[in-house]
Amino acid sequence: MNAPKFTTLGCRLNAYETEAMKELAGAAGVQNAVIVNTCAVTAEAVRKAKKEIRKLRRENPDATLIVTGCAAQTEPETFIAMPEVSKVIGNTEKMQAATWAGMAPDLIGQTEPVQVDDIMSVTETAGHLIDGFGTRSRAYVQVQNGCDHRCTFCIIPYGRGNSRSVPAGVVVEQIKRLVGKGYNEIVLTGVDLTSWGADLPALPKLGDLVMRILKLVPDLPRLRISSIDSIEVDDNLLCAIATEPRLMPHLHLSLQHGDDLILKRMKRRHLRDDAIKFSEDARKLRPDMTFGADIIAGFPTETEAHFENSLKLIDDCALTWLHVFPYSPRQGTPATRMPAVNGKDITVRAARLRAAGDVAVAKHLSAQLGKTHQVLMENPRMGRTEQFTEVTFETDHPESQIITAKIIGIRENRLTA
């Protein structure tokens with residue numbers, strides 16, 4: 001009998017939950033199983049999941065093959081119909097010890113092949129199950145799960161459920177333990193991070209959590225926050241950006257588009273000018289702030305003029321790190337009923353966005369020449385600056401330590417120091 005094997009597809013939160021599943025499966029004595037933690041963000045993600053499942057079955061013909069994650073939650077019937085699949089479990093079930101106890105060798109045949117309940121009925125998140133994960137230098141901490149918004153292109157709320165927050169006290173204690181283990185950077189992660197606190201007593205905001213962490217964990221050198229919705233940024237988060245050097249000057253913005261009409265059709269809550277104003281305000285508070293952003297190319301009804309507004313947004317918001325997504329229809333979302341853009345046009349527009357992103361990265365790298373940065377070493381020859389820019393070294397440095405480094409060059413889209 002062999003220990004279970006895990007494959008993770010999709011987002012950082014999935015990777016976090018895979019670590020929790022490893023502990024749960026290990027404690028339950030699960031053996032000879034292959035677990036695929038799927039993503040549902042695009043139709044392409046589901047296609048990749050199916051391809052991975054077939055490959056894993058060929059490589060593990062005698063194993064119990066379990067499919068979980070967002071795609072399993074949103075379309076369990078698709079996966080249980082695959083001859084390669086033994087069981088399908090939902091996003092709530094995958095985080096429960098009882099589920100994995102039923103996967104033990106003596107019970108595996110007695111459990112239902114599909115264990116997927118109504119995710120919308122879930123009121124708690126399981127962010128406290130593990131003490132982070134990541135490299136030896138950086139740990140990710142889940143503080144929120146789910147989403148209360150219904151963007152017309154997005155299936156994720158139906159895979160993750162409504163927004164649930166991990167209480168601040170639980171988060172602080174978890175981060176204290178991680179700092180005690182030697183982690184020098186903590187990244188707060190969630191599905192809709194800026195909605196943190198809306199379901200907690202007194203309705204705290206993400207900025208309140210950030211300020212509380214920095215106050216109560218004084219030994220934490222670096223705190224980073226992952227993707228945020230800029231329209232939901234609160235005053236305390238702006239205060240932290242302005243006054244807390246331990247909060248890293250790098251924000252990833254969920255923008256999705258640069259044209260007001262398309263943003264309305266996406267059912268986003270911000271307009272183009274809101275995004276530009278936020279980026280300007282944040283940079284005034286923290287001049288070294290850099291931004292990443294998600295942008296979708298070829299959303300239904302997008303004209304060339306609409307697209308040009310997305311392209312111009314890169315300069316207007318001074319974006320650096322782009323995540324470009326060619327639009328792909330997701331069954332069950334309102335956008336699939338809107339007039340589609342020609343597939344070749346989508347491909348061309350996505351390529352133009354990526355090319356503009358490459359220019360933005362080159363501009364950012366050039367601006368760092370001669371500057372001194374505090375670099376968190378991820379391995380002996382590579383670390384990241386406060387803005388999450390990769391830096392390479394010719395000699396070894398202690399892994400997981402923060403070192404002072406002067407930038408002397410650029411090589412293969414990385415700084416050298």
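Residues numbered from 1 in each chain as written. Predicted model: local features only at pLDDT ≥ 70, side-chain atom pairs only at ≥ 80, totals over all residues. Heavy atoms only, no water.

In the nomenclature of an unreviewed UniProt entry, the protein corresponds to MiaB-like rRNA modifying enzyme from the organism Octadecabacter arcticus 238. Under the UniProt heading Cofactor (unreviewed entry), the note attached to the protein is "[4Fe-4S] cluster". (UniProt positions renumbered as here; feature names shortened; annotations may be inferred.)

(A) How the structure looks around the sheet that holds strand β9 (residues 185-189). Within the open sheet, the three strands sit side by side as β6-β9-β10. Their pairing is parallel. Strands with a single pairing partner mark the edges of an open sheet, and in this sheet they are β6 (138-142) and β10 (222-225). Across the sheet, the mean angle separating the axes of adjacent strands is 25° when strand polarity is ignored. Strands in contact with helix α1 (residues 12-28) are β6 and β9; relative to β6, the strand with the most contacts, it is inclined by about 90°. Seen against the sheet, helix α7 (residues 168-180) touches β6 and β9 and runs at an angle of roughly 165° to β6. (Pairing = 2+ DSSP bridges. Helix = DSSP H or I, 4+ residues; strand = E, 2+ residues; numbered from the N terminus. Axes fitted to C-alpha atoms, helices over the stretch in contact; angles between N-to-C directions. Contact = heavy atoms within 4.5 Å.)

(B) Expanded view of the side chain of E378. Along the chain, E378 falls in strand β14 (residues 372-379). Within the structure, the side chain of E378 is placed 2.6 Å from the side chain of R138, a separation counted as a polar contact. (Polar contact = N/O pair within 3.5 Å; in protein donor to acceptor, adjacent residues only side chain to side chain.)

(C) Expanded view of the pattern of salt bridges. Scanning the model with the defined rule gives 27 salt bridges in all. One salt-bridge network, held together by shared partners, links R138, E185, R222, R224, E378, R384, E390 and R414. (Salt bridge = Lys/Arg side-chain N within 4 Å of Asp/Glu carboxyl O.)

(D) How the structure looks around the domain arrangement of the protein. Domain boundaries in the protein define domain 1 (5-115), domain 2 (123-248) and domain 3 (371-416). The gap between the C-alpha centroids of domain 1 and domain 2 is 26 Å. Listed as interface residues are 19 residues of domain 1 and, on the opposing side, 20 residues of domain 2. A combined buried area of about 1600 Å² lies between domain 1 and domain 2, and 67% of that area is made up of carbon and sulfur atoms. Per-residue buried area on domain 1 facing domain 2 is highest for R12, L13 and Y16; these three make up 45% of the total on that side. Run the count over domain 1 and domain 2 and you get one salt bridge. For R160, the salt bridge goes to E17, with nearest N and O atoms at 2.7 Å. One can count five residue pairs in polar contact (both at pLDDT 80 or more) joining domain 1 with domain 2. Going through the elements one at a time, α1 and α3 (70-74) are the ones with two or more residues in the side of domain 1 that touches domain 2. It is α1 that contributes the most residues to the side of domain 1 that touches domain 2, 10 residues altogether. The residue makeup of the side of domain 1 that touches domain 2, split by class, is 10 nonpolar, four polar and five charged. (Domains from an automatic or database assignment. Buried area = accessible area lost by both parts, 1.4 Å probe. Nonpolar A, V, L, I, M, F, W, Y, C, P; charged D, E, K, R; others polar.)

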